[in-house]
Amino acid sequence: MKALIQTLILLMLAGCAGGKANAAGTGFLQGIGDGIYVHYGEHLDIDTGYQGDICNISVVVGSKGVAVIDSGGSLKVGKQLRTAIAQVTKLPILYVINTHVHPDHIFGNAAFMEDKPQFVGHAKLAIAMRLRKEAYDKLNVKYLGDDAKGSDTVVPTLEVKDNLELDLGGRTLKLTAYAVAHTDTDITVIDSKTSTLFTGDLLFIERTPVLEGDIKGLIAVLGTLKTYPVMQVVPGHGPQTKDWVKTIENEQRYLNAVLTDVRANIKKGISMEDTMDTAAASEKDKWLLFDVANRRNVNTIYPQLEWE
Ligand SMILES: [Zn+2]
């Protein structure tokens, strides 16, 4: 009898923990607002040690269904996400949105095929995914090993040309597409109910911003984001914040430092290799993964600015 009571108490405790998870998250997902959950990726480079789980993944739950904003870097992460969503709601997954083409944000898409959602992305995302498929498949095999299996490229079924609104029931998501900035496939998402802006990799917090597209374009887009009437921001990497204007200004300060130093070195005839070691030195202690990301950024920016 005593054993039975103990078992019942344990079951009740487990039940309470399950109930609590619905409100606060699942372990994989953390609640950050009314019907909004975020999974925070680790601050790792796509290099040795990359495990497919480095970007932020967000989930927005309406009265009709669910939207996923970025799906992680592998089928495995996508499946973990799908399981975690099932623990917070039984509603269908209506949309899987990719904020841009980078591999850490898109390869969880495959986990949602059976839900038959609309896959949503920038008007240029499908072509960018197809162009990069071979390279990204190789990259996934190299770093993810078995987890690369089934991490198929799933292209958008719904394109964002400039603006697009998605109705989740009781809340809408407003999607906006941009000209070349972090990449040539960047979109942002604003949730109407909580005034939350999801920036994708237009904004990095804590770790060094990465630039693949156009530095002047990115600085301009950050200026636009600052004008949005939102309450909180979820960046592509790093913690969500209500002090978001400051975090955008931090990134602008870094980008302007790189831009100024690269321009000055080009003018003085200093090589790209030497510039990679010295550009934006004033920012070095302010960001994680600085050396590798900053060198890569100079490698992107220097050849572009030579033609200014
Ligand atoms: Zn990115």
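As a reminder, the structure under discussion sits directly above these lines.
If you're wondering where the values come from, they're calculated on a predicted model, not measured in any experiment. (Residues numbered from 1 in each chain as written. Predicted model: local features only at pLDDT ≥ 70, side-chain atom pairs only at ≥ 80, totals over all residues. Heavy atoms only, no water.)

## Some details on the sheet that holds strand β5 (residues 93–97)
Now for step 1: Taken in spatial order, the seven strands line up as β1-β2-β3-β4-β5-β6-β7 in an open sheet, and their pairing is mixed. Each having just a single partner strand, β1 (30–33) and β7 (158–160) make up the two edges of the open sheet. Neighbour-to-neighbour, the strand axes of this sheet turn through a mean angle of 25°, independent of strand direction.
Now for step 2: By the bridge criterion, four bridges tie strand β2 (residues 36–39) to strand β3 (residues 57–61) in an arrangement that is antiparallel. Looking across to β3, one finds that Y37 is bridged to V59.
Now for step 3: Lying on the sheet, helix α2 (residues 75–88) is in contact with β2, β3, β4 (66–69) and β5; it crosses β3 at an angle near 30°. (Pairing = 2+ DSSP bridges. Helix = DSSP H or I, 4+ residues; strand = E, 2+ residues; numbered from the N terminus. Axes fitted to C-alpha atoms, helices over the stretch in contact; angles between N-to-C directions. Contact = heavy atoms within 4.5 Å.)

## What to know about the sheet that holds strand β11 (residues 196–204)
Now for step 1: As summarised here, the arrangement of the five strands in space is β8-β9-β10-β11-β12, forming an open sheet in which the pairing is mixed. The strands lining the two open edges of the sheet, one partner per strand, are β8 (163–167) and β12 (232–237). Taken pair by pair, the neighbouring strands of this sheet meet at an average axis angle of 25°, ignoring direction.
Now for step 2: Across three bridges, the pairing between strand β10 (residues 187–191) and β11 is antiparallel. In the strand pairing of β11, I190 is matched with L197.

## Focus on helix α6 (residues 244–268)
Now for step 1: The first and last C-alpha atoms of α6 sit 36 Å apart over 25 residues, in line with the 36 Å expected at 1.5 Å per residue.
Now for step 2: Three or more residues of α6 are buried, namely W244, T247, I248, E251, Q252, Y254, L255, A257, V258, L259, V262 and N265.
Now for step 3: Buried residues in α6 make contact with β11, α5 (215–225), β12, α7 (272–278) and α8 (290–305).
Now for step 4: Note on α6: the residue one or two positions beyond its end, G269, has a positive phi of about 80°. (Expected span 1.5 Å × (residues − 1). Buried < 20%, exposed > 50% of the residue type's maximum accessible area, 1.4 Å probe, protein only.)

## Quick word on the packing of α5 against α6
Now for step 1: The geometry of α5 relative to α6 is characterised by a closest axis approach of 10 Å and an angle of 160° between their N-to-C directions. Relative to α6, the element α5 is oriented roughly antiparallel. As for the relative orientation of α5 and α6, their crossing is left-handed in sense. On α6, the residues that touch I215, K216, L218, I219, L222, G223 and L225 of α5 are W244, I248, E251, Q252, L255, N256, V258, L259 and R263. (Parallel < 35°, antiparallel > 145°, perpendicular 65-115°, else oblique. Left-handed = near helix turned anticlockwise from the far one by under 90°.)

## Points about the coordination of the zinc ion
Now for step 1: Around the zinc ion, the donor atoms from the protein are H100 (NE2), H102 (ND1), H182 (NE2) and D201 (OD), and they sit 2.1 to 2.3 Å away.
Now for step 2: Around the zinc ion sit four donor atoms; with metal-centred angles ranging over 85 to 166°, the donor geometry is irregular.
Now for step 3: Binding-site remark: the zinc ion is held by donors from one chain whose sequence spacing is H-x1-H-x79-H-x18-D. Of this pair, H102 sits in the loop between β5 and α3 (103–106) while D201 sits in strand β11, placing them 99 residues apart in sequence.
Now for step 4: Among the residues examined, H102 registers a relative accessible area of 11% and is labelled buried. (Donors = N, O, S within 2.8 Å, 3.2 Å for Na, K, Ca; no water. Tetrahedral: all angles 85-135°; square planar, octahedral: opposite > 155°, others 65-115°.)

## Regarding the packing of aromatic side chains
Now for step 1: This structure, assessed with the given rule, holds four aromatic pairs.
Now for step 2: On the basis of an interplanar angle of 85° and a centroid distance of 6.5 Å, the ring pair of Y50 and Y143 is categorised as edge-to-face. Separated by 93 residues along the polypeptide, Y50 in the loop between β2 and β3 and Y143 in helix α4 (residues 125–144) bring together distant segments of the chain.
Now for step 3: Given a relative accessible area of 2%, Y50 falls into the buried group.
Now for step 4: Owing to a relative accessible area of 22%, Y143 belongs among the partly exposed residues under this scheme.
Now for step 5: Taking the centre distance of 6.1 Å and the plane angle of 65° together, the rings of Y254 and W287 count as edge-to-face. In this pair, Y254 sits in helix α6 while W287 sits in the loop between α7 and α8, placing the two residues 33 residues apart along the sequence. Like W287, Y254 is buried. (Phe/Tyr/Trp six-rings, centres within 6.5 Å; stacked < 30°, edge-to-face > 60°.)

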